Amino acid sequence: MTMEVPPAAAPAGAAPPKTATPAQKATAQSFEAVFLGQMTQLMFESVQTGEFSGGHGEEMFRGVLAEKLGTAVAQKGGIGLAPAVLAQILKMQENADNGR
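To start, this report covers the structure provided alongside it. Bear in mind the structure is a predicted one, so any value in this text is a computation, not a measurement. (Residues numbered from 1 in each chain as written. Predicted model: local features only at pLDDT ≥ 70, side-chain atom pairs only at ≥ 80, totals over all residues. Heavy atoms only, no water.)

Along the protein chain, the regular secondary structure elements total three helices and zero strands. Start at the N end of the protein chain and walk to the C end: the helices and strands fall as α-α-α. By residue count, 19% of the 100 residues in the protein chain fall in the buried class. (Helix = DSSP H or I, 4+ residues; strand = E, 2+ residues; numbered from the N terminus. Buried < 20%, exposed > 50% of the residue type's maximum accessible area, 1.4 Å probe, protein only.)

Take a look at the structure:
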């Protein structure tokens, strides 16, 4: 998966923006996966299962399914949250490097 960081307007004479490390990209993607998993879990809680539900076993593993769905969606490109998170990670890193 390729994550593009939106270009920021840099003042004249400023250092070029940092490129994201693989660890930073993985962190942003993990954040999106957790977010999507939580949203999926909330969606599952609002669905009535009816007579043909999986019973107690389904209830036990519904959280695992939500987590795995969130991870799968994030790995396939997600909903656009990871690039925004990555941009903020880079911004915070740049501010920390500049002593702010």
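The topology assignment puts Gln41 in helix H1 (residues 22-45). Residues Gln41 and Val64 lie 23 residues apart in sequence; the distance between their C-alpha atoms is 9.1 Å. Beyond its immediate sequence surroundings of up to four residues, Gln41 is in contact with Arg62, Gly63 and Ala66. (Contact = heavy atoms within 4.5 Å.)

Here helix H3 (residues 81-97) spans 24 Å end to end across 17 residues, near enough to the 24 Å set by a 1.5 Å rise per residue. Listed in full, the buried residues belonging to H3 are Ala82, Val85, Leu86, Ala87 and Leu90. Summarising the contacts, the buried residues of H3 are in contact with H1. The positive-phi residue at the C-terminal boundary of H3 is Gly99, with phi of around 80 degrees. (Expected span 1.5 Å × (residues − 1).)

Right, let's talk about the packing of H1 against helix H2 (residues 55-75) for a bit. The N-to-C vectors of H1 and H2 enclose an angle of 135 degrees; their axes lie 7 Å apart at closest approach. One finds that H1 runs oblique with respect to H2. Considering how the two elements wind past one another, H1 and H2 form a crossing that is right-handed. Between H1 and H2, the residues in contact are Gln29, Glu32, Ala33, Leu36, Gly37, Thr40, Gln41 and Phe44 and Arg62, Gly63, Leu65, Ala66, Glu67, Leu69, Gly70, Thr71, Val73, Ala74 and Gln75, respectively. In terms of residue class, the contact of H1 with H2 is made up of eight nonpolar, eight polar and three charged. (Axes fitted to C-alpha atoms, helices over the stretch in contact; angles between N-to-C directions. Parallel < 35°, antiparallel > 145°, perpendicular 65-115°, else oblique. Left-handed = near helix turned anticlockwise from the far one by under 90°. Nonpolar A, V, L, I, M, F, W, Y, C, P; charged D, E, K, R; others polar.)

Turning our attention to the nonpolar core. Among soluble globular proteins, nonpolar side chains are generally buried collectively. Residues Ala20, Ala28, Ala82, Val85, Leu86 and Leu90 constitute the largest nonpolar core, which totals six residues. Looking at this core element by element, the count peaks at four residues for H3. Excluding its chain neighbours within four sequence positions, the residues that come into contact with Val85 are Ala28 and Phe31. (Core = buried A, V, L, I, M, F, W, Y, C linked by side-chain atoms within 4.5 Å.)

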